[in-house]
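Okay, here's what each chain looks like letter by letter:
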Amino acid sequence: MADQVTVFAPASMGNVAVGYDVLGGAIDGLGDRVTVRRLDTPTVRVGSITGRAPDLPTTPADNTASVALRSLRDAVGLDGGFEVSIEKGIPLGSGLGGSAASAVGAVVAGAALLPTSWSPADLLPHALAGEAVASGDLHPDNVAPCLFGGLVLTREMTPPDVVPIPVPSDVRCVLVRPNRVLHTRDARACLPDTVPLSKSVRQTAHLGAFVAGCYRDDLALIGRALRDLIVEPHRAALIPGFADVQDAALSHDALGCSLSGAGPTLFAWCTGPDHAERVRDAMIGAFTQHDVSAEAWISPIPSEGARITNLPPSDSQSP
Ligand code: HSE
């Protein structure tokens, strides 16, 4: 059995506008590379952290990856321990599921060093425990797509009931990240504790219609449904130029445009690569009008989640 395993864990967009905290999709070509090494000593420690967020905590109790590994180690009753090293490809505080990716990468790599086999559902609680350190809450909408791949709805965390949702093959997701950091913990703190029943009813209709549109390959229905009536209004003010960037995407016929996870990245669903490029350029242009620089990615919703690469850490951001 190997002494060390490296895993590529993809970025993800949480919420996907319609499903706050329950729906999320994996992203292609962007992610963290997490290497776990077996230790003979009964400890979990953090080795190196490199890449786009080198200042992440290295204290084992504060790092999402080591907390996730501790949870796994305790569940197994392991005599030995683990050392985890992370090459961050996902920018910190971007709304692209960075803390989830490190936690998922750690447990997928750690599990590969154990004698028994582990399914993604087995690993979900441990990855969630890790991510909770960063966001202050248990929410599966980044961890689940990172582990399982694709677009997934988590009906229940305990026991895990993660439902894959098919995505029409034409769909491309544009992600535009303004050069700002927004911590999930802060973006959650600005949300109200309660939601008016009438709003909840309307959002439920949008979520149901969105899922039906995905199953029916009905892009027009997806376009009518891809709206966030509950969370986005409270967070929009945290992102400079939000309304104009969203308008730019929608006026270029994006199916929908909202925050990726807690933001500040915005996502827009588009129909095909050419359309996605036009929408991306319009969104970046709108940020520029607000003197905000931005970087962007265009991605399908990849069916694959975190996977073992066994390559040593390198400068590359994709497998
Ligand atoms: N569902 C979470 C939130 C995602 O919106 O706070 C965090 O990336």
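Just above sits the structure.
Keep in mind that what you see is a predicted model, and the values were worked out from it rather than measured. (Residues numbered from 1 in each chain as written. Predicted model: local features only at pLDDT ≥ 70, side-chain atom pairs only at ≥ 80, totals over all residues. Heavy atoms only, no water.)

### Points about the pattern of salt bridges
Pairs may arise between side chains of opposite charge once their charged atoms sit close together. Applying the stated criterion to the full structure yields 14 salt bridges. For Asp 218, the salt bridge goes to Arg 216, with nearest N and O atoms at 3.3 Å. Put simply, Arg 280 and Asp 281 hold a salt bridge, and the shortest N to O gap is 3.1 Å. Exposure remark for Asp 281: the relative accessible area of 47% places this residue in the partly exposed category. (Salt bridge = Lys/Arg side-chain N within 4 Å of Asp/Glu carboxyl O. Buried < 20%, exposed > 50% of the residue type's maximum accessible area, 1.4 Å probe, protein only.)

### Focus: the site of the ligand
In the region of the ligand, the neighbouring residues are Asn 15, Tyr 20, Asp 21, His 139, Asp 141, Asn 142, Thr 184, Arg 188, Arg 235, Gly 261 and Ala 262. Note that a nitrogen atom of the ligand is positioned 2.8 Å from one of the side-chain N or O atoms of Asn 15. Between the ligand and Asp 141 there is a distance of 2.6 Å, counted from a nitrogen atom to a side-chain nitrogen or oxygen. Calculation on the ligand without its partners gives an accessible area of 260 Å², and the protein chains cover 98% of this total. Cavity membership is defined here by more than half of the atoms lying within 2 Å of grid points; on that basis the ligand lies in the largest pocket. The residue makeup of the shell around the ligand, split by class, is two nonpolar, five polar and four charged. Residue assignment places the shell around the ligand across two domains, with domain 1 (4–165 + 303–310) and domain 2 (171–299) each supplying three or more. (Near = heavy atom within 4 Å. Polar contact = N/O pair within 3.5 Å; in protein donor to acceptor, adjacent residues only side chain to side chain. Areas by Shrake-Rupley, 256 points an atom, 1.4 Å probe, with all protein chains shown as cover. 1 Å grid on protein atoms, 1.4 Å probe; cavity = no way out; pocket = protein on both sides within 12 Å on 5 of 7 lines; lining within 4 Å. Sits in = over half its atoms within 2 Å of the grid points. Nonpolar A, V, L, I, M, F, W, Y, C, P; charged D, E, K, R; others polar. Domains from an automatic or database assignment.)

### Here's the deal with the packing of aromatic side chains
Across all of its chains, the model carries one aromatic pair by this definition. For the pair Phe 210 and Trp 269, a centre-to-centre distance of 5.4 Å together with 50° between the ring planes defines the contact as tilted. With a gap of 59 residues between them, Phe 210 in helix H6 (residues 197–216) and Trp 269 in strand E9 (residues 266–271) connect regions that are remote in the sequence. Trp 269 matches Phe 210 in its accessibility class, with the two residues each being buried. (Phe/Tyr/Trp six-rings, centres within 6.5 Å; stacked < 30°, edge-to-face > 60°. Helix = DSSP H or I, 4+ residues; strand = E, 2+ residues; numbered from the N terminus.)

### Looking at the layout of surface pockets
Empty space within the largest pocket amounts to approximately 570 Å³. If you go around the largest pocket, you meet 38 residues; those closest to its centre are Leu 92, Gly 93, Ser 99, Ala 134 and Thr 184. Of all the secondary-structure elements, those providing two or more residues to the lining of the largest pocket are strand E4 (81–88), helix H2 (98–112), helix H3 (120–135) and helix H5 (184–189). Grouping the constituent residues of the lining of the largest pocket by class yields 12 nonpolar, 17 polar and nine charged. When its volume is computed, the second largest pocket comes out at roughly 380 Å³. What lines the second largest pocket is a set of 18 residues, among which Gly 19, Tyr 20, Val 195, Ile 230 and Val 231 lie closest to the centre. When residues in the lining of the second largest pocket are grouped by element, the largest group, four residues, is from H6. Among the residues forming the lining of the second largest pocket, the class breakdown is 10 nonpolar, five polar and three charged. Both domains that meet at the lining of the second largest pocket, namely domain 1 (4–165 + 303–310) and domain 2 (171–299), each give it at least three residues. (Points joined across faces, edges and corners; volume = space filled by probe spheres on them.)

### Examining the nonpolar core
Val 16, Val 84, Leu 151, Phe 210, Phe 267 and Trp 269 are the most contacted members of the largest nonpolar core, which totals 66 residues. Sorting elements by how many residues they give to this core places H2 first, with nine residues. Two domains each donate at least three residues to this core, and these are domain 1 (4–165 + 303–310) and domain 2 (171–299). Ignoring any residue separated from it by four or fewer positions in sequence, one finds Val 16 in contact with Leu 23, Gly 24, Gly 25, Leu 151, Phe 210, Leu 226, Phe 267 and Trp 269. Core analysis: the next-biggest nonpolar cluster, separate from the first, contains 20 residues, Val 176, Phe 242, Cys 270 and Ala 276 among them. (Core = buried A, V, L, I, M, F, W, Y, C linked by side-chain atoms within 4.5 Å. Contact = heavy atoms within 4.5 Å.)

### Remarks on the packing of helix H1 (residues 64–76) against H2
Between two packed helices, both the angle of their axes relative to each other and the distance between the axes serve to describe the pair. Packing of H1 against H2 leaves a shortest axis separation of 8 Å and a crossing angle of 40°. Where H1 crosses over H2, the two elements pack in a sense that is right-handed. Packed against H1, whose contacting residues are Thr 64, Ala 65, Ala 68, Leu 69 and Leu 72, the element H2 presents Ser 99, Ser 102, Ala 103, Ala 106, Val 107, Gly 110 and Ala 111 at the interface. Looking at the contact of H1 with H2 residue by residue, the class counts come to eight nonpolar, four polar and no charged. (Axes fitted to C-alpha atoms, helices over the stretch in contact; angles between N-to-C directions. Left-handed = near helix turned anticlockwise from the far one by under 90°.)

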